[in-house]
Amino acid sequence: MSKVLVLVDHSAGVVRKTTAELLTIARRLGDPVAVFISDSAADSATQVQGALPVLGQYGATKVIALTNPDLTQYLVAPKAEALQQVAAKVEPAAILISSNAEGKEIAARLAIKLDSGLITDAVDVQPADAGDASGAGAGAGGAGGAVATQSVFAGNFTVRSKVTHGTAIITVKPNAATPEAAETSPEVEEFDVTISDTAKTARITDSKPREATGRPELTEAAIIVSGGRGTGGDFAPIEAFADSLGAAVGASRAAVDSGWYPHAYQVGQTGKTVSPQLYVAAGISGAIQHRAGMQTSKTIIAVNKDPEAPIFELVDFGVVGDLHKVLPTATEEVTKRKS
Ligand SMILES: Cc1cc2nc3c(=O)[nH]c(=O)nc-3n(C[C@H](O)[C@H](O)[C@H](O)COP(=O)(O)OP(=O)(O)OC[C@H]3O[C@@H](n4cnc5c(N)ncnc54)[C@H](O)[C@@H]3O)c2cc1C
């Protein structure tokens, strides 16, 4: 069966949910091989061992561990070179990478090095039918190739495409697949890579993990409570309601651009794409660019004082009212019922 490389997205060996999603997608296309680049040269062996159970749980048949310290000391260029060398050895049908800022830069550099086509920000990837008429050859994703779906122009158009030259390199957005376990016992292969001097021109001088909020990570949360301009800058009711539900906090661009909440929490076309079980939009009008990032949420609730707000077209349950009154009441009720 053709191999599909998955670049593992992790923090100190703790594998992110996006990797479980990539492995699930990779199994549709072939035999998933995880590529693990530790983020600290000192404890790379511990990190690989830490990641192994999750990689096995989601079906990685092999883990290729790259421990060259150059990979942790410089920005993305060495990682692209390393993946090029892994690809030369494994000859994969496709390479899947998380669609975050680093992932997309690695993918772009890798596509040039492998003279291959690149598709970014896929929201789904499926094997093409063997008889697909779009003309992809065996070099681009196995017998029929991999067909990627992108949601473009603020979710107004859905594009399906496939790589027709070289190895299919696809960056995949979070929540593009529901992780499905398929237990394996992957062997770990340490792989030596050589990093050129030209890839070592941007050295990392310092890095600090983001301060933990104690809340779930936005793209992985089952419940998200988001606030918009209607908060008037006061996110306390949003955070309190989120905490009562064990939820993550999100924000509209208007709230983020006003400096009321950090950019990392922006949901939408130019922010994060989320697909939780429950999304609560409070004081958010429902602009198309915001919807592009949350409209696939399973259940959507809106709190807005304007009954004509466009967000109400999208919701399963809507409350017309002032969020500063509605959310504290809801928080109190949730807390009471929990105790
Ligand atoms: C290229 C581009 C990319 C963009 N990307 C994004 C993106 O990624 N994410 C994003 O969110 N936006 C994005 N935007 C901006 C988007 O168009 C909207 O401007 C933005 O989403 C509006 O944010 P909002 O709903 O918080 O504010 P508003 O549209 O001003 O809506 C505020 C809402 O709060 C309600 N309200 C006011 N007071 C209260 C109260 N006390 N209680 C309850 N409700 C109240 C109002 O009735 C109103 O509906 C983008 C725009 C462009 C052009």
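Whatever comes next refers back to the structure up there.
Residues numbered from 1 in each chain as written. Predicted model: local features only at pLDDT ≥ 70, side-chain atom pairs only at ≥ 80, totals over all residues. Heavy atoms only, no water.

S.K.: Mind showing me how you'd approach the overall build of the protein here?
M.R.: The helix and strand tally for the protein stands at 9 helices and 16 strands. Taken against the 2.2 N^0.38 rule, which gives 20 Å for 339 residues, the C-alpha radius of gyration of the protein at 21 Å falls within 12% of a compact globule. With the C-alpha coordinates aligned to their principal axes, the bounding extent of the protein is approximately 60 × 50 × 40 Å. Put simply, the protein has 339 residues, and 48% of those count as buried. Long-range contacts, defined as pairs at least 24 residues apart, comprise 68% of the intrachain contacts of the protein with a sequence gap of at least 6. About 15,700 Å² of surface is accessible on the protein, with carbon and sulfur atoms providing 51% of the total. (Helix = DSSP H or I, 4+ residues; strand = E, 2+ residues; numbered from the N terminus. Rg over C-alpha atoms; globule rule 2.2 N^0.38 Å. Buried < 20%, exposed > 50% of the residue type's maximum accessible area, 1.4 Å probe, protein only. Contact = heavy atoms within 4.5 Å. Areas by Shrake-Rupley, 256 points an atom, 1.4 Å probe, with all protein chains shown as cover.)

S.K.: When you look at the sheet that holds strand E12 (residues 223-227) in this model, what are you seeing that I'm missing?
M.R.: The pairing of strands in a sheet happens through backbone hydrogen bonds and is either parallel or antiparallel. Strand order in the open sheet formed by 5 strands is E13-E12-E14-E15-E16, and the pairing between neighbours is parallel. Strand pairing shows two members of the sheet lacking a second neighbour, strand E13 (248-251) and strand E16 (317-320), which therefore form its edges. Adjacent strand axes in the sheet meet at a mean angle of 15°, parallel and antiparallel pairs treated alike. Pairing of E12 with strand E14 (residues 278-282), which is carried by 5 bridges, proceeds in the parallel orientation. (Pairing = 2+ DSSP bridges. Axes fitted to C-alpha atoms, helices over the stretch in contact; angles between N-to-C directions.)

S.K.: Would you mind going over the side chain of Ser275 with me for this structure?
M.R.: Mapped onto the fold, Ser275 is located in the loop between helix H7 (253-257) and E14. Since its relative accessible area comes to 15%, Ser275 is described here as buried. Within the structure, the side chain of Ser275 is placed 3.2 Å from the side chain of Thr296, a separation counted as a polar contact. Within polar-contact distance, the side chain of Ser275 engages the side chain of Lys298 at 3.3 Å. Once residues lying within four places of it in the same chain are set aside, the contact partners of Ser275 are Asn175, Thr296, Ser297 and Lys298. (Polar contact = N/O pair within 3.5 Å; in protein donor to acceptor, adjacent residues only side chain to side chain.)

S.K.: How should the nonpolar core be read in this particular structure?
M.R.: Inside soluble globular proteins, nonpolar side chains tend to come together where they are buried. Among the nonpolar cores identified, the biggest contains 33 residues, and Ile25, Leu55, Leu96, Val125, Ile170 and Val172 are the most heavily contacted of them. Among the elements that take part in this core, helix H1 (residues 17-29) stands out by supplying 6 residues, more than any other. Ignoring any residue separated from it by four or fewer positions in sequence, one finds Ile25 in contact with Leu96, Val125, Val172, Ala176 and Ala177. Val76, Leu83, Ile97 and Ile169 belong to the second-largest nonpolar core, a separate cluster that totals 26 residues. (Core = buried A, V, L, I, M, F, W, Y, C linked by side-chain atoms within 4.5 Å.)

S.K.: Looking at this structure, I do not really get the pairing of strand E15 (residues 299-304). What am I missing?
M.R.: Consecutive side chains along a regular strand alternate between the two faces of the sheet. In terms of residue burial, E15 counts as a mostly covered element, since 5 of its 6 residues are buried. Looking at chain direction, E14 and E15 are connected through 5 bridges and run parallel. By the bridge assignment, Leu278 is partnered in E15 with Thr299.

S.K.: Before we go on, may I ask you to explain unusual backbone geometry in this structure?
M.R.: As a rule of thumb, non-glycine residues mostly have phi less than zero, and peptide bonds are mostly trans rather than cis. Backbone geometry at Glu91 places phi at a positive 50°, although glycine is not the residue there. Given the relative accessible area of 65%, Glu91 is considered exposed. Phi is positive for Asp121, which is not a glycine, with a value near 60°. Locating Asp121 in the fold gives a position in strand E7 (residues 118-127).

S.K.: Mind showing me how you'd approach the sheet that holds strand E9 (residues 157-161) here?
M.R.: Pairing in this open sheet of 9 strands is mixed, and the strands run E9-E8-E7-E10-E6-E1-E4-E5-E11 from one edge to the other. Each edge of the sheet is formed by a strand with only one pairing partner; in this case those strands are E9 and strand E11 (187-190). Here the average twist between neighbouring strands, direction ignored, is 35°. The pairing of strand E6 (residues 94-98) with strand E10 (residues 168-172) spans 5 bridges and is classified as parallel. The partner of Ile95 across the bridge, within E10, is Ile169. Strands in contact with helix H4 (residues 77-90) are strand E1 (3-7), strand E4 (31-37), strand E5 (62-66), E6 and E11; relative to E1, the strand with the most contacts, it is inclined by about 165°. Lying over the sheet, helix H5 (residues 101-114) contacts E1, E6, E7 and E10, oriented at roughly 155° with respect to E6.

S.K.: Looking at this model, I keep getting lost on the pattern of salt bridges. Mind explaining?
M.R.: Oppositely charged side chains can form a pair if their charged atoms are brought close together. Tallied over the entire structure, the rule returns 18 salt bridges. Where Lys200 meets Asp70, a salt bridge forms, and the shortest distance between an N and an O atom there is 3.2 Å. Placement of the pair is Lys200 in the loop between E11 and E12 and Asp70 in helix H3 (residues 70-73), with a sequence separation of 130 residues. Among the residues examined, Lys200 registers a relative accessible area of 24% and is labelled partly exposed. On the basis of relative accessibility, which here comes to 16%, the residue Asp70 falls in the buried class. As a salt-bridge pair, Asp121 and Lys104 come within 3.1 Å of each other at their nearest N and O atoms. One end of the pair, Asp121, is in strand E7; the other, Lys104, is in helix H5, and 17 residues separate them in sequence. For Asp121, a relative accessible area of 23% gives the class partly exposed. Note on Lys104: relative accessible area 29%, which makes it partly exposed. (Salt bridge = Lys/Arg side-chain N within 4 Å of Asp/Glu carboxyl O.)

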